Amino acid sequence: MNDSEPVFFEKNRVFRVYLGGKLFDQFLGDGSEDGNYPEEWVASAVKALNKNQSSEKEGVSKVIGGPYFDELLAERPEEMLGGKNSMGILVKYLDSAIRLPAQAHPDKAFSRIHFQSEYGKEECWIVLATRPGACIYYGFQDGVTKEKLKEAIKQCEIDRTAFEKLLVRYEVNPGDVVFIPAKVAHAIGAGCLILEVQEPTDFTIQPERWCGDYRLSDFEMYLGLDPKVALDCFSFDPPKTVKLKAKTLKESDGVRLEQLIGEEQTNSFCVNRIQISGGQYVMPRAAAVYCVTNGNGKVQGENYQKMLRQGDYFFLPASAAGKFNLSGEKLTVVECYS
């Protein structure tokens, strides 16, 4: 493979205990049905923290005709990452047929102490498609305390809605953008096809006992931590703005560049949306992930051209920044980088 060309990957579906995946069929046209492989991990160098792993590389993407992505980054850090230690992000497509367990993620400080990691798990969601009644849960209701949380966790054994009752429910539609800071209680509701961008970990504290009809183990709930310690991942402060508005950065010559997630939300990663109508967008970012969320087009550079369609994604190495462009008539691409 050429170090200075976009990197494409084999299909990378990851096992989860929740059901979903059917909306991949209309998005990708791949015949998917609801099952336990509801997530596609995109250009991933991160291993999934599943109780029964299918392989030691579960979650890590495999380059088409090449090695696993984590191995490629380790072998060629300067060409791939421009000297950085890590990509700094994990990107996923996911489709939920049921409400996921209520959860929160650690911040960097918590991860350093308890997981020996420099990354927490701030994340954002871009809603791509929905089923009827699609929703999310974001933040605790007014007046929820740690004691009420502990009581709901006990009640979850017999009342599967006990934790859900503590959260605020929001309906969602395609195009909605949500940022979830570390420690904010949240859950993806049934019926959401989402592009998720996050810090590069699989750290989730989810103290509900049930995920649909699946009974979570203590490890799946608390990742081996003492529950009293794990619950420090939850913040009880009122949440900030839930749905974000895109900020136009540039619009000219058939290209509109919008910022979805920037420094106002986090210093962990950035997410832009590129809408192309007959123009060309030169990809300037070193070590960035590009996901086609609508339409068809192509990526091209000197002596290189590859057609793109909805659902495709690729990694642009640092050595290729500024050397390739995107074009199309009605093409939407999400650009993710740290």
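First things first, this report covers the structure right here in the doc. Predicted model, so just to flag it, every value in this text is computed and none were measured. (Residues numbered from 1 in each chain as written. Predicted model: local features only at pLDDT ≥ 70, side-chain atom pairs only at ≥ 80, totals over all residues. Heavy atoms only, no water.)

### Some thoughts on unusual backbone geometry
Convention followed: By definition, any uninterrupted DSSP run of H or I lasting at least four residues is a helix, any uninterrupted run of E lasting at least two residues is a strand, and each is numbered from the N terminus. Classification of residues uses two cut-offs on accessible area relative to the type maximum, computed with a 1.4 Å probe and protein chains only: under 20% is buried, over 50% is exposed, and between them is partly exposed.
The backbone phi angle of Leu-223 is positive, close to 55°, even though this residue is not glycine. Of note, Leu-223 is situated in the loop between helix 6 (218-222) and helix 7 (227-230). Note on Leu-223: relative accessible area 14%, which makes it buried. Within the chain, Ala-287 stands out as a residue other than glycine whose phi angle is a positive 55°. Residue placement: Ala-287 occurs in the loop between strand 15 (280-282) and strand 16 (288-294).

### What about the pairing of strand 20 (residues 324-327)?
What counts here: Paired strands are those between which DSSP finds at least two bridges.
The side-chain alternation of strand 20 yields two buried faces, one formed by Phe-324 and Leu-326 and the other by Asn-325 and Ser-327. Where strand 15 lies against strand 20, three bridges are found, and the strand directions are antiparallel. When the sheet's bridge partners are listed, Gln-280 is paired in strand 20 with Ser-327. For strand 17 (residues 297-301) and strand 20, the ladder comprises four bridges, and the chain directions are antiparallel.

### Some details on the state of the cysteines
In plain terms, the rule: Cysteine sulfur atoms are paired as a disulfide whenever they fall within 2.5 Å.
Overall, the coordinates contain zero disulfides when judged by the stated rule. Residue Cys-270 stays outside any disulfide, its sulfur separated by 10 Å from that of Cys-336, the closest cysteine. Cys-291 forms no disulfide, and the closest cysteine sulfur to it belongs to Cys-336, at a distance of 5.0 Å.

### What to know about the nonpolar core
For clarity, the threshold we go by: Each nonpolar core is a collection of buried residues, namely Ala, Val, Leu, Ile, Met, Phe, Trp, Tyr and Cys, held together in the definition by side-chain atoms within 4.5 Å. Note on contacts: a residue pair is in contact if any heavy atoms of the two residues lie within 4.5 Å.
Judged by nonpolar contacts, the single largest core of 46 residues is most densely connected at Phe-140, Leu-149, Phe-163, Ile-205 and Phe-234. Only strand 4 (123-130), strand 5 (135-140), helix 5 (146-155), strand 7 (177-180), strand 8 (186-188), strand 9 (192-198) and helix 6 provide two or more residues apiece to this core. If one sorts the elements of this core by residue count, strand 5 sits on top with five residues. Aside from chain neighbours lying at most four places away, what touches Phe-163 is Ala-102, Phe-140, Leu-149, Ala-152, Ile-153, Cys-156, Pro-207, Glu-208 and Phe-234.

### Notes on the packing of aromatic side chains
Heads up, the condition is: Classification of ring pairs rests on two measures: the distance between centres of Phe, Tyr or Trp rings, Trp counted by its six-membered ring, which must be within 6.5 Å, and the angle between planes, read as stacked under 30 degrees, edge-to-face over 60 and tilted in between. Look at NZ for Lys and CZ for Arg. If either is within 6 Å of the ring centre and within 35 degrees of the ring normal, a charge sits over the ring.
Under the criterion given, the structure shown has 16 aromatic pairs. Relative to Phe-69, the ring of Phe-9 lies with its centre 4.9 Å away and its plane at 75°, an arrangement referred to as edge-to-face. Taken together, the residues span a long stretch of sequence, with Phe-9 in the segment before strand 1 (13-14) and Phe-69 in helix 2 (residues 69-75) at a distance of 60 residues. This pair shows no difference in class: Phe-9 is buried, exactly as Phe-69 is. Considering the side-chain rings of Tyr-93 and Tyr-313, the 6.4 Å spacing of their centres and the 55° angle between planes classify their relative orientation as tilted. Within this pair, whereas Tyr-93 is found in strand 3 (residues 90-96), its partner Tyr-313 is found in strand 19 (residues 313-316), the two being separated by 220 residues in sequence. By relative accessible area, which is 9% here, Tyr-313 ends up buried. Above the plane of the ring of Phe-8 lies Lys-306, whose end atom (NZ or CZ) is 4.8 Å from the centre.

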